[in-house]
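Inside the fold
If you want the building blocks of each chain, they are given just below.
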Amino acid sequence: MKANDIMSLPAEARFSVSKATDMILTVSKVLVELSLQSFLSLQNRWSGFHQIHQLCQWTRTRTSRLVEHLWMEDWFFGHQFLNGANPTLIRRCTEIPPNMAVTEETVGASLGGGASLCQEMERGNMFLVDYRLLDTLTANTVNRKQNYLTAPLILLHLNARNQLLPIAIQLKQSPGESNPVFVPQDLEADWLTAKTFVRSADFADHELRSHFLHTHVMSELFAMATLRNFPMVHPLYKLLVPHFRFTLEIDALARQLLLSDGGSLKEYTAVGGAAALEFLRRASASLTYRDLCLPDDITGRGLDAIPGYYYRDDGLRLWEVIHRYVGGVVRYYYHSDDEVIRDSELQSWINEIIVFGRLGDEKKGFPKSFTSVLELTYFVTMVIFNASAQHAAVNDAQLDYFGWMPNAPVGLQCPPPACRGLCSERSLLDSFPDMNSTVHGLAAVYLLSKKPADFVPLGGSAEQHFTEAVPMEMAARFRNDLKRLSCDIRARNVGLKLPYVYLDPATVEDSVTR
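This text gives an overview of the structure that appears in the document.

Calculation criteria
- Residues numbered from 1 in each chain as written.
- Predicted model: local features only at pLDDT ≥ 70, side-chain atom pairs only at ≥ 80, totals over all residues.
- Heavy atoms only, no water.
- Core = buried A, V, L, I, M, F, W, Y, C linked by side-chain atoms within 4.5 Å.
- Buried < 20%, exposed > 50% of the residue type's maximum accessible area, 1.4 Å probe, protein only.
- Helix = DSSP H or I, 4+ residues; strand = E, 2+ residues; numbered from the N terminus.
- Contact = heavy atoms within 4.5 Å.
- Axes fitted to C-alpha atoms, helices over the stretch in contact; angles between N-to-C directions.
- Left-handed = near helix turned anticlockwise from the far one by under 90°.
- Nonpolar A, V, L, I, M, F, W, Y, C, P; charged D, E, K, R; others polar.
- Phe/Tyr/Trp six-rings, centres within 6.5 Å; stacked < 30°, edge-to-face > 60°.
- Lys NZ or Arg CZ within 6 Å of the ring centre and 35° of its normal.
- Pairing = 2+ DSSP bridges.
- Salt bridge = Lys/Arg side-chain N within 4 Å of Asp/Glu carboxyl O.

**Quick word on the nonpolar core**
In this structure, Leu318, Tyr325, Trp349, Phe379 and Phe432 are the most contacted members of the largest nonpolar core, which totals 145 residues. In terms of residue count, helix α7 (residues 188–229) provides more of this core than any other element does, 16 residues in total. Beyond its immediate chain neighbours, meaning those up to four positions away, phenylalanine 379 contacts Phe222, Tyr289, Trp349, Ile350, Ile353, Phe366, Pro367 and Phe370. With 15 residues, the next largest nonpolar core counts Cys93, Val102, Met121 and Leu153 among its residues.

See below:
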């Protein structure tokens, strides 16, 4: 969108009075809390983990308290790739990447049971996380101190107990003597330091790619095309516009308060400034239609069968509920594929999305026009899912998993270890971001995770713009389907040590508003 600040936005795209008031009160509350903690202006390093605990306790949730106790555990490190704040990067590993210096000998002690690496890959038990988009980025300077970013490769093994465990970490993309492959058998401090560099890389990837680009920016693109091409009486305007409520203003604020000069992301994180812009260019260039369509994304990453992947389980069921609702509405208004083809406003809508989103490359896989009811239904399902469910999955988990700073440092002030045996608790503490950087990071995730006072759940305004009886009946069925799914998820969560709550329809917001 072309908007220098929020005052440039039309009135219908602005926050309501209650939303604006809630934002002001929330910011004020956070700033009061931070000044009481007396950390906001301190550029000191940490004397020990007890000091980090003192700072982080004001943002604590039930889950973040568990994270503080579990963050060093290997099984929890693996768990986060499936059910943490960034569950979209892990994929099944069918062959070791040529730039990862891992052999049978490297990981033999971790596999156990006499199994070989090749055998475990054939059985579908090996998984890879690759942060290559971070490679060669120039990390930010924070408090006049150079920060460091790595682009790790992580190999994980699903063991007989269905635990996903890291068995090899290479912190840079290019193998070499100064880029060792760390394994669980290394000294505890070396292994923990390697995992911490991974967690810092995950914070950077999460905030810019899976959160800002895939949900905020894409929803903004869809919203702009909707407002520019559909009259208010068009059925797709009625279907889509509830899912763009407040999105334009929150994105304008994100650019102003997080990404621009003086913003928290630019000033206090390792991936801020020029690194953020270059990373977003790379992430945009690599974005595909499959990335935004959950069923295709899960299959493409080879994760249809891995157990305990609740983001997948809940997400696919929620996708199906949305798809069933969208399909019913679309079929009510479009009785044939020919009617889809002849709708000039619809074709103009998808054309603007492709042109202004720079999505025209054939390799990206986006449709450049709509030729069938099924194709249109799938695309609109993707739009609604990403504006609601996908945003909830990557946004609402932030305070839980990032609220304990060592589990997601906003930056690291020491270079990655170039050899084994030199790490210690002291060196890890020295690498953590300064106190004021930590405070700004925590304040940001606190604000983004807080449920707004005027929260509208998914489906809560589904019939708002329809007047015909049939679409209104479909909206009612949609809400009933969401309620049933919510009951199922809550029943499942009762038995989990770490409940996965982020795709419970009752907690999923209808649009990107924070």
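Next comes the rest of the description.
**Things to note about the packing of α7 against helix α17 (residues 373–395)**
At a minimum axis distance of 10 Å, the contact between α7 and α17 shows a crossing angle of 145 degrees. α17 is crossed by α7, and the crossing has left-handed handedness. Of the residues in α17, those in contact with His206, Ser210, His211, His214, Thr215, His216, Ser219 and Phe222 of α7 are Phe379, Met382, Val383, Asn386, Ala387, Gln390, His391, Val394 and Asn395. Its residues assigned to classes, the contact of α7 with α17 comprises 6 nonpolar, 11 polar and no charged.

**Digging into the packing of aromatic side chains**
Evaluation of the coordinates by the stated rule reveals 21 aromatic pairs. Between phenylalanine 370 and phenylalanine 379 the ring centres are 5.4 Å apart and the planes differ by 65 degrees, which places this aromatic pair in the edge-to-face class. An aromatic cluster of at least three residues, connected via ring pairs, comprises Phe222, Phe230, Tyr289, Trp349, Phe366, Phe370 and Phe379. Here arginine 420 stacks its cationic end above the ring of phenylalanine 182, 5.6 Å away from the centre of that ring. The residue whose ring lies beneath lysine 451 is phenylalanine 455, and the NZ or CZ to ring-centre distance is 4.5 Å.

**Regarding the pairing of strand β6 (residues 164–170)**
For β6, a buried count of 6 out of 7 residues is recorded, marking the element as mostly surrounded by other parts of the structure. Note: strand β5 (residues 153–158) against β6, 6 bridges, orientation antiparallel. The partner of leucine 153 across the bridge, within β6, is glutamine 170. Turn length for the β5-β6 hairpin, with the two strands adjacent in sequence and antiparallel, is 5 residues, and the turn residue asparagine 162 shows positive phi of about 60 degrees. Here 2 bridges tie β6 to strand β7 (residues 181–182), and the two strands are oriented antiparallel to one another. Following the sheet pairing, glutamine 170 is matched in β7 by valine 181.

**Some details on the pattern of salt bridges**
Across all of its chains, the model carries 28 salt bridges by this definition. As a salt-bridge pair, arginine 14 and glutamate 249 come within 3.0 Å of each other at their nearest N and O atoms. With arginine 14 in the segment before α1 (17–37) and glutamate 249 in helix α9 (residues 247–259), the pair connects residues that are 235 residues apart, well separated along the chain. The exposure class of arginine 14 is partly exposed, given its relative accessible area of 25%.

**A word on unusual backbone geometry**
Look at asparagine 143: it is not a glycine, yet its phi comes out positive at around 55 degrees. Topologically, asparagine 143 is positioned in the loop between β3 (141–142) and β4 (145–146). Notably, asparagine 162 is not glycine yet its phi reads approximately 60 degrees, a positive angle. Relative to the helices and strands, asparagine 162 resides in the loop between β5 and β6. On the basis of relative accessibility, which here comes to 48%, the residue asparagine 162 falls in the partly exposed class.

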